[in-house]
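Breakdown of the fold
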Amino acid sequence: MLDHQIEKIALFMLEQQGLLSSRLQKLREWHDALQDEPDISQISKLREAYRSVGQDLLKLLLFIDMNAIGIRKILKKFDKRFGYRFTNYYVKTRADHPYSQLQQVFKHVGLGAVVGAISRNLHELQYNEGSYLSIYDHPVVPLQDPVVDSIKNAVDRLTNSTNFLNFMAQHALIMQDEDLLIPQDEQADQEEGRYHFMSLMLNLGNTFLYMVNTYIIVPTADDYSMSLGAAATVCGVVIGAMAVAQLFSSVYFSAWSNKSYFKPLIFSSIVLFFGNLLYALAYDFNSLALLLIGRLFCGFGSARAVNRRYISDCVPLKIRMQASAGFVSASALGMACGPALAGLLQTDFKIKSLTFNQDTLPGWVMAVAWLLYLVWLAISFREPVREPEEIHTSQESNSADQDGSMEKGLKKPLLLASEETEHDEEDDGDGSEESSEDSRKPANSIVAAYKLLTPSVKVQLLIYFMLKYAMEILLSESSVVTTYYFGWSMSSVSIFLFCLGLTVLPVNLVVGSYISNMFEDRQILLASEIMVCVGILLSFHVVIPYTVPQYVISGFIMFVSAEVLEGVNLSLLSRVMSSRLSRGTYNGGLLSTEAGTIARVIADGTITLAGFLGQSMLLNVTLLPSLIICVGSIVATCFTYNSLY
């Protein structure tokens, strides 16, 4: 029966391709006639006719995508009911056959020629009137046409192409709406009103500065704590205070971004300015409380939810992937520059009653940086144009009416019966498709968002929690551990952390461009978890004297593996998370941010609590929870292996 249904899909695709090809052939004849007798009005009509064919091609691509999803769900149901990996047998025997109809569906054979014909002719009509050159002569110059952009995005989604930019964009977990069928002129007008290059740069600047602000104090936090009369391990509380505040700031910034982007960024900059000011003044006031309040203020200024939301909502689809990759790159660069900048601030002087030394200078430098950023923001940021909710709802309704007949036609033949059991399919742990009337509505509370998480998504959030916990333990206690065991100076700690931060982009480049093309994401996921576990095990101080090579090598294994794991995990998460979590206050980005932030809070608290047992016990006591959580995530991954892809 499944073979028969796939045959019907393949034949329907061929039939539709033939109709599109026939229309393109007639348009070509019209095009040739206009070359002999040019007529501006006729050229404009011809261009719209090509765009109309492009819209129908887009609908056909969506038809293929819907049926590919249906095939995957049906095979998954077979696996579950039989307790046997039927999918492997079916795909191997059908896809490798010389007369494969399954390949027709999953590889969308033949559509490339149709896409090429539409792109080439639109390019000629738009740019090369009277010229014999085509897109093949200028392959580096893309055609700026909304229809072609939408077709390209639909094809990319079908092929699930993997490259560095795509991998980095998914690393950011910036959820995207499936808005491929929005009228192209309307979509272009919306993007024109929303997008502003300098505003995007300011958004990425906020991301960079916040990450610098987070990690600039790590090399000196223990020394600062001791200078105020506290134990060195109180550095865990000092570093973690920022994460505690971020738990709350992520929610209200996410809600605020529903109404504005400019005001939250202004508020963030002001709060961070005062937070760093208090952090720097705590030394002269000899007040640990003031130090912690300053760090809490910095956490309350975390606008990462706004940064993600701005890219998701205001950046045009055709450059959204680059912007998302820029978000990850800005974060990685800030993570590396923070400790490096701390290593450069090796001075000690006073101006009147204010002290400037290695402990206070990170606060003073960041306060000045946020002040300058605030001025730049006030001058250059442009608030995106927002449409009233009523208009948006009306447009959705009209669009649904116009495309109603098309939707009925597209859902034949395979998904006809599949829709009846959609709810049953969702219970299997795959939350990537929803068919209810409310499937487009965003979650309205954290509880509602949690209910939308399938078991596989929960496992991936557990993995995210684990890797953030392990990374925070490694980074936050580095100055205490290296000073106790090796007598490292603050400069040595800064160099070590700087080198760790520099690995982020090269590792993502290798994984995104090469490894992800050689192995499945779930295989890389499991291998990365195991390597994180290996790094944790090698970090323990057991019997032999603890050496610098052991600490550095195990630290790099743990950190690099965690970076690979984070990218692959968020890549998978962005694909299987419910579409209802791509919008609203309680979105997928917020959930992942909260999971990572909670992990950091617990890790920093663990460092401080372990300090009561003495610095000799600190390393092993803090690594033990990391090991337990890591082993637990590996076990959970193995149990949900079939649901993770």
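The sections below set out a description of the structure shown in this document. What you are looking at is a predicted structure, and each value in this text was computed from that prediction instead of being measured.

1. Details of the overall build of the chain
Along the chain, the regular secondary structure elements total 29 helices and two strands. Counting all 645 residues of the chain, 53% fall into the buried class. A fraction of 83% describes how many contacts in the chain between residues 6 or more apart in sequence connect residues 24 or more apart. With the model as given, the accessible surface of the chain reaches about 28500 Å², and the carbon-plus-sulfur share is 64%.

2. Let's talk about helix 23 (residues 478-486)
Within helix 23, seven of the nine residues are buried, which leaves the element mostly enclosed by the surrounding structure. Buried within helix 23 we find Ser 478, Ser 479, Val 480, Val 481, Thr 482, Tyr 485 and Phe 486.

3. A word on a nonpolar patch on the surface
Together, Ile 270, Phe 274, Ile 293 and Phe 297 give the surface a local cluster of nonpolar side chains, amounting to about 330 Å² of exposed area. Every element with two or more residues in the nonpolar patch is listed here: helix 12 (262-285) and helix 13 (288-300). Its location among the elements puts Phe 274 in helix 12. Classification of Phe 274 by relative accessible area gives partly exposed; the value is 42%.

4. Points about helix 13
With 13 residues, helix 13 should reach 18 Å at 1.5 Å per residue; the first-to-last C-alpha distance of 19 Å fits that figure. What helix 13 keeps buried is the set Leu 290, Leu 291, Gly 294, Arg 295, Cys 298 and Gly 299. For helix 13, the N-terminal cap is Ser 287; the gap from its side-chain oxygen to the backbone nitrogen of Ala 289 is 3.5 Å.

5. Examining the nonpolar core
The biggest cluster of nonpolar side chains holds 120 residues, and the ones touching the most others in it are Met 335, Trp 370, Leu 467, Val 532, Ile 536, Phe 559 and Leu 581. When residues of this core are assigned to their parent elements, the largest contribution, 14 residues, is made by helix 22 (residues 455-476). Those residues in contact with Phe 559 that lie beyond four places of it in its chain are Met 335, Met 471, Leu 474, Leu 475, Leu 500, Gly 501, Thr 503 and Val 504. By size, the runner-up hydrophobic cluster in this structure holds 31 residues, among which are Met 13, Leu 60, Leu 61 and Leu 102.

6. A closer look at the pattern of salt bridges
According to the stated counting rule, one finds five salt bridges in the structure shown. Residue Arg 23 pairs with Asp 56 through a salt bridge whose shortest N-O separation is 2.6 Å. A residue pair is termed long-range when its members are at least 10 positions apart, and Arg 23 in helix 1 (residues 2-36) and Asp 56 in helix 2 (residues 40-82) qualify at 33 residues. With relative accessibility at 32%, the residue Arg 23 sits in the partly exposed group. Glu 472 is the partner of Arg 600 in a salt bridge, and the nearest nitrogen-oxygen pair spans 3.6 Å. Of the two residues, Arg 600 sits in helix 28 (residues 588-610) while Glu 472 sits in helix 22, which places them 128 residues apart along the sequence. Residue Arg 600 shares its accessibility class with Glu 472, and that shared class is buried. Salt bridges sharing common partners tie together Arg 23, Asp 56 and Lys 59.

7. Quick notes on the packing of aromatic side chains
Each aromatic ring pair is characterised by the separation of its centres together with the angle its planes make. A complete count under the given rule lists 27 aromatic pairs for this structure. For the pair Phe 262 and Phe 381, a centre-to-centre distance of 5.8 Å together with 20° between the ring planes defines the contact as stacked. With Phe 262 in helix 12 and Phe 381 in the loop between helix 16 (361-380) and helix 17 (389-402), this residue pair connects regions lying 119 residues apart in the sequence. Phe 262 gets classed as partly exposed once you look at its relative accessible area, which sits at 25%. Seen in terms of ring centroids, Phe 273 and Phe 274 are 5.2 Å apart; in terms of plane orientation they differ by 70°. Their pairing is edge-to-face. These aromatic residues form a ring-pair network of at least three members: Tyr 484, Tyr 485, Phe 486, Trp 488, Phe 496, Tyr 546, Tyr 551 and Phe 556.

About the cut-offs
- Residues numbered from 1 in each chain as written.
- Predicted model: local features only at pLDDT ≥ 70, side-chain atom pairs only at ≥ 80, totals over all residues.
- Heavy atoms only, no water.
- Helix = DSSP H or I, 4+ residues; strand = E, 2+ residues; numbered from the N terminus.
- Buried < 20%, exposed > 50% of the residue type's maximum accessible area, 1.4 Å probe, protein only.
- Contact = heavy atoms within 4.5 Å.
- Areas by Shrake-Rupley, 256 points an atom, 1.4 Å probe, with all protein chains shown as cover.
- Patch = residues over 30% accessible without salt bridge, like charges linked within 9 Å, V, L, I, M, F, W, Y side chains within 5 Å.
- Salt bridge = Lys/Arg side-chain N within 4 Å of Asp/Glu carboxyl O.
- Expected span 1.5 Å × (residues − 1).
- Polar contact = N/O pair within 3.5 Å; in protein donor to acceptor, adjacent residues only side chain to side chain.
- Core = buried A, V, L, I, M, F, W, Y, C linked by side-chain atoms within 4.5 Å.
- Phe/Tyr/Trp six-rings, centres within 6.5 Å; stacked < 30°, edge-to-face > 60°.

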